[in-house]
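Each chain is listed here by its residues.
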Amino acid sequence: QQQVRQSPQSLTVWEGETAILNCSYEDSTFNYFPWYQQFPGEGPALLISIRSVSDKKEDGRFTIFFNKREKKLSLHITDSQPGDSATYFCAAHYGSSGNKLIFGIGTLLSVKP
Amino acid sequence: EAAVTQSPRNKVAVTGGKVTLSCNQTNNHNNMYWYRQDTGHGLRLIHYSYGAGSTEKGDIPDGYKASRPSQENFSLILELATPSQTSVYFCASGRQGAAQDTQYFGPGTRLLVL
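Cut-off values and rules
Residues numbered from 1 in each chain as written. Chains lettered and ligands numbered in written order. Predicted model: local features only at pLDDT ≥ 70, side-chain atom pairs only at ≥ 80, totals over all residues. Heavy atoms only, no water. Contact = heavy atoms within 4.5 Å. Buried area = accessible area lost by both parts, 1.4 Å probe. Salt bridge = Lys/Arg side-chain N within 4 Å of Asp/Glu carboxyl O. Helix = DSSP H or I, 4+ residues; strand = E, 2+ residues; numbered from the N terminus. Nonpolar A, V, L, I, M, F, W, Y, C, P; charged D, E, K, R; others polar. Phe/Tyr/Trp six-rings, centres within 6.5 Å; stacked < 30°, edge-to-face > 60°. Buried < 20%, exposed > 50% of the residue type's maximum accessible area, 1.4 Å probe, protein only. Pairing = 2+ DSSP bridges. Axes fitted to C-alpha atoms, helices over the stretch in contact; angles between N-to-C directions. Disulfide = S-S within 2.5 Å.

Asker: How should I be thinking about the interface of chain B and chain A in this particular structure?
Answerer: Tallying the contact residues gives 23 residues for chain B and 21 residues for chain A. Summing the contributions of chain B and of chain A, the shared interface buries around 1,800 Å²; its carbon and sulfur component is 49%. One can count 0 salt bridges joining chain B with chain A. For the side of chain B that touches chain A, the secondary structure elements donating two or more residues are β4 (31-38) and β5 (42-49) of chain B. Residue composition of the side of chain B that touches chain A, grouped by class: 11 nonpolar, 9 polar and 3 charged.

Asker: Where do I start with the packing of aromatic side chains in this structure?
Answerer: The description of an aromatic ring pair rests on the distance of the ring centres and on the angle between the ring planes. Enumeration over the complete set of coordinates arrives at 15 aromatic pairs over all chains. Note on Phe33 of chain A and Phe66 of chain A: the rings are 5.2 Å apart at their centroids and 35° apart in plane angle, and the pair reads as tilted. Separated by 33 residues along the polypeptide, Phe33 of chain A in strand β4 (residues 32-38) and Phe66 of chain A in strand β7 (residues 62-67) bring together distant segments of the chain. Accessibility assignment for this pair places Phe33 of chain A and Phe66 of chain A in one class, buried. Ring pairs connect the aromatic residues Tyr36, Phe89 and Phe103 of chain A together with Tyr33, Tyr35, Tyr48, Tyr50 and Phe105 of chain B, which therefore count as one cluster.

Asker: Can you walk me through the sheet that holds strand β3 (residues 19-25) of chain B in this structure?
Answerer: Within a sheet, each strand pairs with its neighbour through backbone hydrogen bonds, oriented either parallel or antiparallel. Residues and elements named next belong to chain B. In space, the 4 strands of this open sheet follow the order β1-β3-β8-β7, with antiparallel pairing throughout. Edge positions in the open sheet fall to β1 (4-7) and β7 (65-67), since each of these has one partner strand only. In this sheet, adjacent strand axes meet at a mean angle of 20° when their direction is disregarded. The pairing of β3 with strand β8 (residues 73-78) spans 6 bridges and is classified as antiparallel. Note on β8: the bridge partner recorded for Val19 is Leu78.

Asker: Can you help me understand the state of the cysteines in this one?
Answerer: Such a bond, covalent and formed between the sulfur atoms of two cysteines, is termed a disulfide. Following the criterion strictly, the structure yields 2 disulfides over all chains and no others. Through a disulfide, Cys23 of chain A is tied to Cys90 of chain A; the S-S separation comes to 2.0 Å. Handedness of the Cys23 of chain A-Cys90 of chain A disulfide follows from its S-S torsion of about -70°: it is left-handed. Of this pair, Cys23 of chain A sits in strand β3 (residues 19-25) while Cys90 of chain A is found in strand β9 (residues 86-94), placing the two residues 67 residues apart along the sequence. Exposure class is identical for Cys23 of chain A and Cys90 of chain A. Each is buried. In this model Cys23 of chain B forms its disulfide with Cys91 of chain B; the gap between the sulfur atoms is 1.9 Å. Taking the sign of the S-S torsion, about -80° here, the bridge from Cys23 of chain B to Cys91 of chain B comes out left-handed. Note that Cys23 of chain B is positioned in strand β3 and Cys91 of chain B in strand β9 (residues 87-94), a separation of 68 residues in sequence.

As structure tokens, then:
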């Protein structure tokens, strides 16, 4: 069964620290991995994404590291801010049509000031 | 700016009743999606659509129907609601033919089935 696994389920860091969120998958045909950020009471919104031809994608304080051989990726949030407190979902694109995504269960990040 | 809206935002229904959740998008996107979000499961795809008049089953379609009467509107229908369908439901839109493209989500509908 297609699965995307995330860990930890919850993470607390202090302001200024680096938060590391992990994701793994099983299906080797997955080739696009978006990360979505969700604040309470809102829908998820795309934060950053990576294609399997790359091993790193940076956007400001957010960086994805991708290891295709091990089928693992991680989201690093450097200089974490209280405003980064949210749930982060790792997802994978699947299916030959319809642009479908399968989501992990999410990591709830809390950044303490 | 691209926008996906959902109504109602909150709904209380009785077991065995019919529930219709509505979604409207002004993105002019062909693809639309319905997900449910539950603790411990993330977001799971229920139904999706390629355009007006089309609906496709997602990963967990049992107990749900969908309707896409126009480019802008996509409804999720629970003909006989059950307590297990208590959840938060999200609608999303995305471009057709743009594999690996962004999905834009609405604010969600919180459904409680008593």
